[in-house]
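Summary of the model geometry
In case you want the letters, here they are:
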Amino acid sequence: MKKKLTPTYIAGALAGLVLSTGVAHADTWRYAFEEALTDVQGVYATKFKEEIEKNSDHEVELFPYGTLGESADIMEQAQAGILQFVDQSPGFTGALIPEAQVFFVPYLLPTEPEQLNEFFRTSKAINEDFKGLYAEQGLELLKMFPEGEVAMTTQEPVKKPADLNGVKFRVMTNPLLVETYKAFGATPTPLPWGEVYGGLQTNIIQGQENPAFWIESTKMYEVTDVITFAGHSNFTTAVMANKEFYDGLSDADKKVVQDASAAAFEYIVDYQKGLTEESMAKIEKAKPEMTVNVLTEEERAPFKAAAAEVEKKFIEMTGDSGKAILDQLKADLKAVTDK
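Residues numbered from 1 in each chain as written. Predicted model: local features only at pLDDT ≥ 70, side-chain atom pairs only at ≥ 80, totals over all residues. Heavy atoms only, no water.

1. A closer look at the overall build of the chain
Looking only at helices and strands, the chain has 13 helices and 10 strands in total. In terms of C-alpha radius of gyration, the chain reaches 20 Å, essentially the compact-globule figure of 20 Å for 339 residues. Dimensions along the principal axes, computed over C-alpha positions, put the chain at roughly 60 × 50 × 35 Å. Residue pairs in contact within the chain that sit at least 24 positions apart in sequence constitute 76% of those at least 6 positions apart. Carbon and sulfur atoms form 54% of the exposed surface of the chain, whose accessible area is close to 14,600 Å². Charged side chains in the chain number 32 positive and 53 negative. The centres of these two groups are separated by 2 Å. (Helix = DSSP H or I, 4+ residues; strand = E, 2+ residues; numbered from the N terminus. Rg over C-alpha atoms; globule rule 2.2 N^0.38 Å. Contact = heavy atoms within 4.5 Å. Areas by Shrake-Rupley, 256 points an atom, 1.4 Å probe, with all protein chains shown as cover. Lys, Arg positive; Asp, Glu negative; His and termini not counted. Charge placed at Lys NZ, Arg CZ, Asp CG, Glu CD.)

2. Let's talk about the pattern of salt bridges
This model, assessed by the stated rule, comprises 20 salt bridges. Here lysine 182 makes a salt bridge to glutamate 179, at a shortest N to O gap of 4.0 Å. On the criterion of helical spacing, the pair formed by lysine 182 and glutamate 179 is a turn pair, its members being 3 residues apart in helix H7 (residues 175-183). For lysine 182, a relative accessible area of 48% puts it in the partly exposed group. Between aspartate 338 and lysine 334 there is a salt bridge, and its shortest N-O distance comes to 2.7 Å. Assigned by exposure class, aspartate 338 and lysine 334 land together as exposed. Residues joined by salt bridges that share partners form a network here, namely Lys47, Glu50, Glu51 and Lys54. (Salt bridge = Lys/Arg side-chain N within 4 Å of Asp/Glu carboxyl O. Buried < 20%, exposed > 50% of the residue type's maximum accessible area, 1.4 Å probe, protein only.)

3. Considering unusual backbone geometry
Its identity as a non-glycine residue notwithstanding, tyrosine 107 has a phi of 65°, on the positive side. Within the fold, tyrosine 107 resides in the loop between helix H4 (90-93) and helix H5 (113-122).

4. Observations regarding the packing of H7 against helix H13 (residues 297-337)
In contact at an axis separation of 9 Å, H7 and H13 are set at 150° when each is read in the N-to-C sense. With respect to H13, the axis of H7 lies roughly antiparallel. The way H7 lies across H13 gives a crossing that is right-handed. Residues Pro175, Leu176, Glu179, Thr180 and Ala183 of H7 form the contact with H13, whose participating residues are Ala306, Val310, Lys313, Phe314 and Met317. (Axes fitted to C-alpha atoms, helices over the stretch in contact; angles between N-to-C directions. Parallel < 35°, antiparallel > 145°, perpendicular 65-115°, else oblique. Left-handed = near helix turned anticlockwise from the far one by under 90°.)

5. Notes on helix H12 (residues 275-286)
Along its 12 residues, H12 runs 17 Å from first to last C-alpha, staying within 8% of the 16 Å computed at 1.5 Å per residue. Within the sequence span of H12, burial applies to Leu275, Ser279, Met280 and Ile283. Buried residues of H12, viewed axially, fall in a sector of 130°; they line one side. Of the residues in H12, the exposed ones pointing more than 90 degrees away from the buried face are Glu277 and Lys285. (Expected span 1.5 Å × (residues − 1). Arc of directions from axis to C-beta.)

6. Structural notes on the nonpolar core
One finds Tyr31, Val102, Phe130 and Tyr134 to be the most contacted residues of the largest nonpolar core, which totals 102 residues. Per-element tally for this core: the top contributor is H13, with 10 residues. In contact with phenylalanine 130, not counting residues within four places along its chain, are Glu99, Ala100, Val102, Phe103, Ala125, Leu141, Met144 and Ile325. (Core = buried A, V, L, I, M, F, W, Y, C linked by side-chain atoms within 4.5 Å.)

7. A short note on the side chain of glutamine 208
Residue placement: glutamine 208 occurs in strand E7 (residues 207-211). There is a polar contact of 2.8 Å between the side chain of glutamine 208 and the side chain of asparagine 210. Contact partners of glutamine 208, with chain neighbours within four places excluded, come to Ala151, Met152, Thr153, Phe169, Arg170, Trp193, Val196, Leu200, Ile215 and Met220. (Polar contact = N/O pair within 3.5 Å; in protein donor to acceptor, adjacent residues only side chain to side chain.)

8. A few points about H5
Buried within H5 are the following residues: Leu116, Asn117, Phe119 and Phe120. One side of H5 holds all its buried residues, which, seen down the axis, span an arc of 155°. By the N-cap criterion, in which a side-chain oxygen at the helix start approaches the backbone nitrogen of a residue two or three places on, H5 is capped by glutamate 112, the distance to glutamate 114 being 3.2 Å.

9. Let's talk about the environment of threonine 38
Relative to the elements of secondary structure, threonine 38 occurs in the loop between strand E1 (28-32) and helix H2 (40-55). A relative accessible area of 63% means that threonine 38 is categorised as exposed. A C-alpha to C-alpha distance of 9.0 Å links threonine 38 and serine 217, two positions 179 residues apart in sequence.

10. As for the side chain of glutamine 88
For glutamine 88, the location among the structural elements is in strand E3 (residues 85-88). Separated by 3.0 Å, the side chains of glutamine 88 and threonine 93 make a polar contact. Contact partners of glutamine 88, with chain neighbours within four places excluded, come to Glu34, Ser71, Ala72, Met75, Thr93, Thr237, Ala238 and Met240.

11. Focus: the confidence of the model for the chain
Summarising the model, the chain shows a mean pLDDT of 91, and 92% of its residues fall at 70 or more. This stretch, residues 1-13, has a pLDDT under 50; its non-local contacts, to residues over four places away or in other chains, come to 14 contacts. Across residues 15-26 the pLDDT falls below 50, and counting only partners more than four positions away or on other chains, this stretch makes 7 contacts in the model. (pLDDT = per-residue confidence, 0-100.)

12. Overview of the packing of aromatic side chains
Counted by the stated rule, this structure contains 17 aromatic pairs. Between tyrosine 31 and phenylalanine 85, the ring centres sit 6.0 Å apart and the planes meet at 45°, which makes this aromatic pair tilted. With tyrosine 31 in strand E1 and phenylalanine 85 in strand E3, the pair connects residues that are 54 residues apart, well separated along the chain. For the residue pair tyrosine 31 and phenylalanine 85, the accessibility class agrees, reading buried in each case. When the ring of tryptophan 193 is compared with that of tryptophan 214, the centres are 5.4 Å apart and the planes differ by 45°; the resulting orientation is tilted. Taken together, the residues tryptophan 193 in the loop between strand E6 (187-190) and helix H8 (196-201) and tryptophan 214 in helix H9 (residues 212-217) connect sequence positions 21 residues apart. Put simply, the rings of Trp29, Tyr31, Phe33, Phe48, Phe85 and Phe245 touch in pairs and so form one group of aromatic residues. (Phe/Tyr/Trp six-rings, centres within 6.5 Å; stacked < 30°, edge-to-face > 60°.)

Okay, structure coming up:
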């Protein structure tokens, strides 16, 4: 009988592996992420592993999506110390850290890649303020980075919010993302990622959103007919360490981890240059009949108007702490967009 990949089962299996093989020395670190090894998070993790192993005697073992369960499972394992490192989108972490949902306020982030990368590189909110919030959950925030502009995939064209009326739209289990798609006119439907392809195939849902590389690599284009770029979001992810593990490292090892995080950040933002265009070319080759729409500024206007309501909801959900984060993010964004 096939074993279910529950966190308890996985923990027991990993503990058994440690006891039976003796491989889990202090120099073997485990790192799980939400995508395949060849996707953006996997490329970042591979570079991180390369930098750690090049500059220390430690080894890093990588666990791509599915090998240790869903996103909630790997977060639980990271908090429990079974994993030393985890990469998870604030879309999922928002349940633990409500302020992290700020990245789902539509039209907050710039669409110009250099400005976006500089924002993630220099933002006080990201590189200082969020660290304390993550630490409260037993996590050391190492780095946040963008993964690409989010596009909607649907069965019918989307040119205005009314086109989403009655559309059951898959969202991550994130309260603010639910509010976003309510504001956009859709019926938001939280679903684990493993159920999305089948849900679209059987018409349980009629839409979902993700960066182009993910739409291409997971073949979401096979079960939807329209891809819409509304410019409303850029998928953000966060790399974290178990805090107890991190705090127990020597100063030299902490520096190795920080340097590896920074090197992998620069590598991944460079790697993403042209990635959306490459992914879209692959999609259009695989499915020539796919309709691709890039909304004009005029068409985006009603979506942007709806975004103001989502921002109010974010402040309602998170109170003074969320407002402080949002205000700091806006200041950080102004610093890079005004240059």
